[in-house]
Amino acid sequence: MSRKLFTEWAMEIAEDSKIRSTCLSRQVGAVIIRDKQIIATGYNGAPTGAIHCTDIGYCIRKKRGIPSGQGLELCRAGHAEANAIDQCARRGTSCEGSTLYVTTQPCVFCCIHIIQSGIKKVIFKGEYPTGLGLQLLKESGVEYMKYEDALAKEEAEQNAKHEAEMKRVRDFLKDPEPY
């Protein structure tokens, strides 16, 4: 029986979270995990109590023809990453040392929140039209990698771990302990 890789499982939760998005431009989901436990999820949408773009029926940025990654000050939606971090803040849960899995590369503003919250690793899918966010993560010592690279790395680590474990099992079977 093949066990699903942790990175794959975590990103599936981020993918499931984005279904709650109320953004008409792009659905994004995020999950923050520390010590292999979920501490928060987030998706992009209007702040609590505010009117959602899905309710008003349009995105002002799309209506004005503003390209992706620009004119963010006109957007009603908080980003998935920031919303997950905000959920931690609201509940008094530290993000220190955690990993963020997100369905889109974080923007510069989310990268600042990631750094300031103490998140130490970011796994993301896709590309975002600005590179400054990744530069800030790098400068601040926050590890980041694309999902596909993270999967490949974890798979290699799991294969090595499995080989070592199987050697241990073979050694045990050669000379089992009497009970």
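How each quantity is defined
Residues numbered from 1 in each chain as written. Predicted model: local features only at pLDDT ≥ 70, side-chain atom pairs only at ≥ 80, totals over all residues. Heavy atoms only, no water. Phe/Tyr/Trp six-rings, centres within 6.5 Å; stacked < 30°, edge-to-face > 60°. Lys NZ or Arg CZ within 6 Å of the ring centre and 35° of its normal. Salt bridge = Lys/Arg side-chain N within 4 Å of Asp/Glu carboxyl O. Buried < 20%, exposed > 50% of the residue type's maximum accessible area, 1.4 Å probe, protein only.

Novice: Can you help me understand the packing of aromatic side chains in this one?
Specialist: In this description, an aromatic ring pair is defined by two values, namely the gap between the centres and the angle between the planes. Evaluated as defined, the whole model comprises 2 aromatic pairs. Among the aromatic residues, those joined into a cluster by ring pairs are F6, W9 and Y101. It is K36 that lies over the ring of F6; its NZ or CZ is 4.6 Å from the centre. The ring of Y147 is capped by K125, whose NZ or CZ atom sits 5.0 Å from the centre of that ring.

Novice: I would appreciate a short explanation of the pattern of salt bridges in the present structure.
Specialist: As a working rule, side chains carrying opposite charge can pair if their charged atoms are close by. Across all of its chains, the model carries 7 salt bridges by this definition. Where E12 meets K4, a salt bridge forms, and the shortest distance between an N and an O atom there is 2.7 Å. For E12, a relative accessible area of 33% corresponds to the partly exposed category. The partly exposed category is assigned to K4, whose relative accessible area is 42%. Each member of the salt-bridge network shares a partner with another, and the members are E15, K18 and K125.

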